[in-house]
Every structure is written in C-alpha cells, then in structure tokens.
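Analysis of the macromolecular model
So you can see what is in the structure, the chains are spelled out below.
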Amino acid sequence: YFALDIDRINAWIKGILPKKWSDRMIKLKGNCLSVGVKYVRSYLIIMGITFVVILVGLLILRAENAILLSVIIAILDLLPIIGVGTVLVPWSIAQLLLGNTGMGIGLIVLLVVHEFVRQVAEPKIIGKNLGVHPIVSLLLLYVGYSVLGLVGILFVPLLAVALNIFFDK
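Along every chain, residues carry numbers that run from 1 in the direction the sequence is written. At least 70 in pLDDT is required for a residue's local features to be given in this predicted model, at least 80 for side-chain atom pairs to be given and counted, and no such filter applies to totals for whole chains, interfaces and linings, which use all residues. Side-chain metrics rest on all non-hydrogen atoms present in the structure, leaving aside hydrogens and water.

**Quick notes on the pattern of salt bridges**
Here a salt bridge means any side-chain nitrogen of Lys or Arg lying within 4 Å of a carboxyl oxygen belonging to Asp or Glu. Under the criterion given, the structure shown has two salt bridges. Among the ionic pairs, Arg118 bridges to Asp77, the shortest N-O distance being 2.3 Å. One end of the pair, Arg118, is in helix H5 (residues 101-130); the other, Asp77, is in helix H3 (residues 66-78), with 41 residues separating them in the sequence. For the residue pair Arg118 and Asp77, the accessibility class agrees, reading buried in each case. In this structure, Glu122 and Arg118 form a salt bridge, with 3.3 Å as the shortest nitrogen-oxygen distance. Of this pair, Glu122 and Arg118 both sit in helix H5, four residues apart, roughly one helical turn. There is no split in this pair, since Glu122 and Arg118 are both buried. Here the salt bridges share partners, and the residues they tie into one network are Asp77, Arg118 and Glu122. Runs of H or I in DSSP of at least four residues are treated as helices and runs of E of at least two as strands, each being numbered from the N terminus. Note on exposure labels: buried denotes an accessible area under 20% of the residue type's maximum, exposed denotes more than 50%, and partly exposed covers the range between, all computed with a 1.4 Å probe on protein chains only.

If you want it as structure tokens, here you go:
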C-alpha cells in the first residue's frame, strides 16, 4: 500500500509539516536509503571476515566440510542471539567428550580468535561505513545492547546516524 500511495503520503506529510521540517524530511528520506545500504554492507563485510576466520581455523583443524560449515556459521553469526558460539561451543564440548581433545581445544581457541577479531573489526567497519568515529560506533553498539538487547545493536547505530543527518543537514 505504501508503494502505491507514496506520492499521496509524501504530499500529506509536506502539507502538515512546516516547510523547514518537510525539507529536512525529504533529505532524511534520501539519506536513509543510503545509510541502510551502508549498514547492510558493513554487516556483509563482518560476515565475510567471520567466514574467513572460521574457514582458516577449520582448515587448520582439518575439519570435514570446512567451507560449508564456515558459510553456515557466518550466516548464523549475523542472526540475533545465535552466533559463532552457538555452533562452536557445543561442537567443542562434544569433541572433548568423545576424546578428541585437540579438536575440542582447537574449536575453543577458534571461538576466542573470532570474538577478538570481531570485537576489534566491528566498530571500525560500522564506523567507517556510516561515517561515525569507531569509538562513537562502539559506544552506540554498547548503548544499543544495554537498552534494547540484541535488537538495539542493530537499530541504535542506524537511529543515531539518521538523527545526525536530520539535524545536521
């Protein structure tokens, strides 16, 4: 319905808002799409980094189907609540219980390496793509998580960038 009536909706919004605000809304609308694309690109880059780290680790550990497992784990890493640990922790525990100590410990080390790489890379990647300083980006991720949980990690940085665009431009 929005797509069919977008012109009427825009005209209605322009009619009820003061000129200054409607101009800002038009600019915000144009910039939101750009910010959304940059945000998705940021997380695709993070997914790629996760894929590479997990793939290298699984190849070193000589895991079967390393490429397929790396793709699945990278995709799961983007989903709220589910992450790399959801796969690697039970897998490592199972390997330790089955007596495959090297693989079990290796999977735990792989998880630690991945988490370190992600914690370092995520604020920089998101900050660079959204035009926010990495420390501010890290702060926004923390505030988002603290206030809204995992959903906040996704939406608070976007909201901050949108508000920045709205009030600056």
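**Details of unusual backbone geometry**
Even without glycine at this site, Arg62 takes up a positive phi of about 60 degrees. Positionally, Arg62 belongs in the loop between helix H2 (19-60) and H3. Notably, Asn65 is not glycine yet its phi reads approximately 55 degrees, a positive angle. As for its position among the elements, Asn65 is in the loop between H2 and H3.

**Quick notes on the environment of Thr50**
Here Thr50 shows up in helix H2. Considering only alpha carbons, one finds Thr50 and Val117, 67 residues apart in sequence, at a separation of 8.5 Å. Residues contacting Thr50, with those up to four places away along its chain left out, are Ala74, Asp77, Val84, His114 and Arg118. In this analysis, two residues are considered to be in contact whenever any of their non-hydrogen atoms come within 4.5 Å of each other.

**A few points about the confidence of the model for the chain**
Summary of the metric used: pLDDT quantifies the predictor's per-residue confidence within the range 0 to 100. Per-residue confidence for the chain gives a mean pLDDT of 84; residues scoring 70 or more make up 95%. Within the chain, no element has a lower average pLDDT than helix H7 (residues 150-168), which sits at 72, and none a higher one than helix H4 (residues 84-97), at 96.

**Some points on a nonpolar patch on the surface**
Taken together, the side chains of Leu139, Tyr142, Val143, Val147, Leu148, Val151 and Phe155 make up a nonpolar region of the molecular surface, amounting to roughly 710 Å² of accessible area. Sorting elements by how many residues they give to the nonpolar patch places helix H6 (residues 134-148) first, with five residues. With respect to the element layout, Tyr142 can be found in helix H6. Exposure remark for Tyr142: the relative accessible area of 56% places this residue in the exposed category. Patch building starts from residues that exceed 30% relative accessible area and form no salt bridge, then joins like charges within 9 Å and nonpolar side chains (Val, Leu, Ile, Met, Phe, Trp, Tyr) within 5 Å. Only the protein chains shown count as cover for residues, and the accessible areas themselves come from Shrake-Rupley with a 1.4 Å probe.

**Observations concerning H2**
By definition here, a helix of n residues has an expected span of 1.5 Å times n minus one. Between its terminal C-alpha atoms H2 stretches 61 Å, which fits the 62 Å expected from 42 residues at 1.5 Å a residue. Remark: Arg62 follows H2 within two positions and exhibits a positive phi of approximately 60 degrees.

**Looking at the side chain of Glu122**
With relative accessibility at 9%, the residue Glu122 sits in the buried group. Here Tyr43 takes part through its side chain, which lies 2.9 Å from a polar atom of the side chain of Glu122. Discounting residues that sit within four places of it in the chain, Glu122 has contacts with Tyr43, Ile46 and Leu141. For the purposes of these results, a polar contact is taken to be a pair of N or O atoms within 3.5 Å, where, inside protein, one atom must be able to donate a hydrogen and its partner to accept one; residues adjacent in sequence count only when each atom of the pair is a side-chain atom.

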